[in-house]
Structures are given as structure tokens and as C-alpha cells.
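# Structure assessment
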Amino acid sequence: MPRMNRKWHPNAKYHIMCRGNRKAKVFSSEEDYHAYISILKYAKRKHNFYLYAFCLMPNHIHLQLETTDVSISKIMHTINMRYAMYLNRTYDLVGHTFQGRYKSIIGHTDSYMLMVNRYIHRNPVEAMMVFDPSVYPYSSYRAYLNRRSNSMVDWARFMETMPVTYEDIVDI
């Protein structure tokens, strides 16, 4: 039986999660993290979405984003397909990189989106990889902490859409 299409709405905000197949690592080296970030930047340019938060953990990925006029399915297809191709080529692998399709939750309220943002940035702390989210190199937390948007993280837009202060965001 064919699977159902994902629900998608222009300007919808999402929490996206992808886990490695059989909970296996999807990042084995620093180069792997950098390759994923490069692919994420490419997808952002190609599909014109807003990236509010990300955290790349060894065996899973969290993204918080807002679509514009391209469906979340196309965005995630670009990201996951290119990263799987990178891994298979780099490590001479075959087969699936990710466990099933990505999971996506639409954020209907500001309070939910704030909670997701904080959850994503606290992920390495909760996993006891670091004591402070600012030292984890593969997340967007530093963009918030330094109060600067870059070509990848749309920190300022996220703050504009949230009825909170800067301290509410970084005090995690």
C-alpha cells in the first residue's frame, strides 16, 4: 500500500527528526558533520526555507524550520538523499542511512516552537555529551548566544516571531 503524502502548508513551522537506521551513527567523523551542514546550506539556498534551529547528534538530527513555497517533503528529500549519497560514497556503503521517513511535527503555537527550540539546543546536554550547549559545535545555539544570524540560521526572524525576550531563548 502506498504511503500517505505529508501534510504541508506554506509558512508552516516544523520540528523535524531523522534517526540513523537501526539507531546507528549517522556521523562518524568531523567531516561528516561538516558535509551535512554544507548540504543543509545547499538545501536552504535551493528551497528558500527559514532554519530556526538544528542539532546534529551522532545518531540523529533535529531541525526546526519554516517553509515558504516548497513542501517539507522536497526539502527533506534533498537533504536526506544528498547526505545518504555522501555517506555511501565516502564509506563504500549501500542501503539506507536513515530509519524510515523523517518525523515531522507542525508547530501551531509560539509556546510549542519556543519549547522545541530549547529542546533542540539542550539535546547534547541531556545526552551528557557536554555540560553547556554553547560548547557543542554541531548546533545552532551559538548563533543565538552571539545574537547573530548567518547564512544558515535565521535567528533574528525566529526572535521576531516569538513573544519572548533574548534571555528566554538563551537561558537554557
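A short tour of the structure in this document, coming up. Here the structure is a predicted model, which is why all the values come from computation and not from measurement.

Before going further, it helps to examine the sheet that holds strand S1 (residues 13-19). Spatially, 4 strands are ordered S2-S3-S1-S4 in an open sheet, and the strand pairing comes out antiparallel. With one partner strand each, in any of the chains shown, strand S2 (50-56) and strand S4 (103-106) form the two edges of the open sheet. Between one strand and the next, the sheet's axes are offset by a mean angle of 15°, whatever the strand orientation. Bridge count between S1 and S4: 4 bridges; the pairing is antiparallel. Along S4, the bridge assignment pairs Ile16 with Ser104. Packed on one face of the sheet, helix H1 (residues 30-47) meets S2 and strand S3 (60-66) and runs near 165° to S2. Taken strand by strand, helix H2 (residues 72-91) contacts S1 and S3, and its axis lies near 35° from that of S1.

Here the structure, examined in full by the defined rule, presents 3 salt bridges. In this structure, Lys44 engages Asp154 in a salt bridge whose closest nitrogen and oxygen atoms are separated by 3.0 Å. Taken together, the residues span a long stretch of sequence, with Lys44 in helix H1 and Asp154 in the loop between helix H4 (141-145) and helix H5 (155-161) at a distance of 110 residues. Per residue, the accessibility class of Lys44 equals that of Asp154, and both read buried.

With that settled, consider the packing of aromatic side chains. Summed over the entire model, instances satisfying the criterion amount to 11 aromatic pairs. Taking the centre distance of 6.2 Å and the plane angle of 75° together, the rings of Tyr144 and Trp155 count as edge-to-face. With Tyr144 in helix H4 and Trp155 in helix H5, this pair connects stretches of sequence that are 11 residues apart. Considered together, Tyr144 and Trp155 belong to a single accessibility category, that of buried residues.

A separate point is the pairing of S3. Within a regular strand, side chains alternate between the sheet's two faces. For S3, the buried fraction is high: 7 of the 7 residues fall into the buried class. Side-chain alternation along S3 places His60, His62, Gln64 and Glu66 on one buried face and Ile61, Leu63 and Leu65 on a second face that is also buried. Of the pairings in the sheet, the one linking S1 to S3 comprises 7 bridges and is antiparallel in character. Across the sheet, the residue bridging to Tyr14 is Leu65, located in S3. As defined by bridge partners, S2 adjoins S3 across 6 bridges and the pair is classed as antiparallel. Residue pairing in the sheet places Ala53 in a bridge with Gln64 of S3. Count of turn residues in the S2/S3 antiparallel hairpin: 3 residues.

Cut-off values and rules
Residues numbered from 1 in each chain as written. Predicted model: local features only at pLDDT ≥ 70, side-chain atom pairs only at ≥ 80, totals over all residues. Heavy atoms only, no water. Pairing = 2+ DSSP bridges. Helix = DSSP H or I, 4+ residues; strand = E, 2+ residues; numbered from the N terminus. Axes fitted to C-alpha atoms, helices over the stretch in contact; angles between N-to-C directions. Contact = heavy atoms within 4.5 Å. Salt bridge = Lys/Arg side-chain N within 4 Å of Asp/Glu carboxyl O. Buried < 20%, exposed > 50% of the residue type's maximum accessible area, 1.4 Å probe, protein only. Phe/Tyr/Trp six-rings, centres within 6.5 Å; stacked < 30°, edge-to-face > 60°.

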